Amino acid sequence: MIKFFVLTFALISTSYFLLFPIVKDTVKMTEEKTVEIKKVKGSYRIYRNGEPYYIKGAGGYTYYERLKQYGGNSVRLWSTSGAKEYLDKAYELGLTVTLGLDMGLERHGFNYNDKKAVREQFEKLKKEILIFKDHPALLMWGVGNEVDQFANNYNVWNAVNDIAKFIHEVDPNHPTTTMLAGVPQKHIQEIIKRCPDIDVLSINAFKWIAPVKNDITNAGWTGPYLIGEWGASGYWETDTVPWGAFIEETSTEKAQVCEERYEKAILANTDRCLGSYVFYWGYKQARTHTLLSLFLESGEEIGVLDVLQKEWTGKIPGNSAPLIVPIGIDDKLTHLGVYLSPGSGHKAYTDAKDPDNDPLTYKWEIFNESKEKKEGGDREQKPGAIEGLIEKGNEKQLSFKAPDKKGAYRLFVYVFDGNNNVATANAPFYVK
């Protein structure tokens, strides 16, 4: 059942002033806002200040100016940690925020049969809600992120609803949602039964984004939904080489699939889909440092951002990222698995071109295959680059030596255009 959220922000709560007095000087606290969800002529819409509001969003903590510049309008945060800084920054730029409330995960050992632990979590989150509920950048509450992942205790949804119900009691200004990992049909059925105070369903989906609308409908959810995370294909859904390492798309392939996913799985479903948050607006290690990152650690942007700018503004970027082909090693097909002898010499190659005819520079690196096997976005440690193996590494062709130690490795290439754009590719190989 869709609830209507029509309440103006007249004054910021006393608790917010006491805890964060600096906000009083940096934002206009008397500015009036309204947020509501309506079903009009069979289609669901967010209305903000009485105007239709479609989420063109990104999940992350950096580069908010670029998000605004490229036509984005909203940010997703996973918790309230440091949220004041991000909310204030978003407000200064005219962006909104879907603010996450971090809930315990069964896969991390949280027991939703433990009434004391559940109550303590509830009391903690109540305080967070009261602190941030009147911030003028706030758009929506995200009650838990992927609490369904590897979870078998459906009591989690009772706890989610308790929080969503409290939000409705103290903050009728903002809708509630909860983020799921893919489309777990049994969990969705439990949400329908146990969570009447969840207003919007959010789905995190990458390669398998196209069937989301049909799948949630088949599970019984007929209301509005968001795509809470989307982007290039994840390590959990790609092909692998014989020793189990995943095959990562090149940045050019990522741009191609993201354009298709945005148009066919998000824009094509605006009767129920309220928008989306692309993942990850920034830099994040997830098996590799390039898999889901839209930026290099040094700030250069991959071609997915060109796609987003075009989709969000209808305009082609003034300068676009280079285009790259997959890496080859000697005469071997890397997707079938490349085995090298310890210390042996080899050639690698790629090819790239620039749509703007910018001169290109190349950088190659070799890393150990990451041994981190975290799930659900848990923080991973990036392995260090291995020195002394690359003999010629500033052109499209590379001479390198295989490591002496047996094991799994990965060869990376980055192609820079001198205008803050980059193309990336990598290839796994195994020394034995």
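Residues numbered from 1 in each chain as written. Predicted model: local features only at pLDDT ≥ 70, side-chain atom pairs only at ≥ 80, totals over all residues. Heavy atoms only, no water.

1. What about the overall build of the protein chain?
When helices and strands are counted, the protein chain shows 10 helices and 21 strands. Dimensions along the principal axes, computed over C-alpha positions, put the protein chain at roughly 65 × 50 × 45 Å. Buried residues in the protein chain amount to 57% of all 432 residues. Restricting to contacts in the protein chain with at least 6 residues of sequence separation, those with at least 24 account for 69%. Carbon and sulfur atoms form 51% of the exposed surface of the protein chain, whose accessible area is close to 18500 Å². (Helix = DSSP H or I, 4+ residues; strand = E, 2+ residues; numbered from the N terminus. Buried < 20%, exposed > 50% of the residue type's maximum accessible area, 1.4 Å probe, protein only. Contact = heavy atoms within 4.5 Å. Areas by Shrake-Rupley, 256 points an atom, 1.4 Å probe, with all protein chains shown as cover.)

2. Let's talk about the pairing of strand 5 (residues 74-77)
Across the two faces of strand 5 the burial is the same, with Ser-74 and Arg-76 and Val-75 and Leu-77 all buried. Here strand 4 (residues 55-59) pairs with strand 5 via three bridges, running parallel. Residue pairing for strand 5: Ala-58 is matched across the bridge by Val-75. Following the chain from strand 4 across helix 3 (residues 64-69) to the adjacent parallel strand 5, one finds a crossover that is right-handed. Relative to strand 6 (residues 96-101), strand 5 is paired through four bridges, and the arrangement is parallel. Among the inter-strand pairings, Leu-77 is bridged to a residue of strand 6, identified as Leu-99. Each parallel crossover has a hand, and for strand 5 linked through helix 4 (residues 83-93) to strand 6 it is right-handed. (Pairing = 2+ DSSP bridges. Right-handed = clockwise from strand over helix to strand, strands pointing away.)

3. Remarks on the pattern of salt bridges
Enumeration according to the criterion identifies 25 salt bridges in this entry. Here the residues in one salt-bridge network are Lys-186, Glu-190, Lys-193 and Arg-194, joined through shared partners. (Salt bridge = Lys/Arg side-chain N within 4 Å of Asp/Glu carboxyl O.)

4. A word on helix 7 (residues 185-194)
All buried positions along helix 7 are accounted for by His-187, Ile-188, Glu-190 and Ile-191. End-on, the buried residues of helix 7 take up no more than an arc of 160°, which puts them together on one face. Looking at the buried residues of helix 7, the elements they touch are helix 6 (156-170), strand 8 (176-181), strand 9 (200-204) and helix 8 (212-218). (Arc of directions from axis to C-beta.)

5. Some points on the environment of Leu-291
Relative to the helices and strands, Leu-291 resides in the loop between strand 11 (273-278) and helix 10 (304-313). Once residues within four sequence positions are removed from consideration, Leu-291 is found in contact with Ala-232, Ser-233, Gly-234, Tyr-235, Phe-246, Glu-248, Lys-254 and Ala-286.

Honestly, that's just the spatial picture; any functional story needs more than this.
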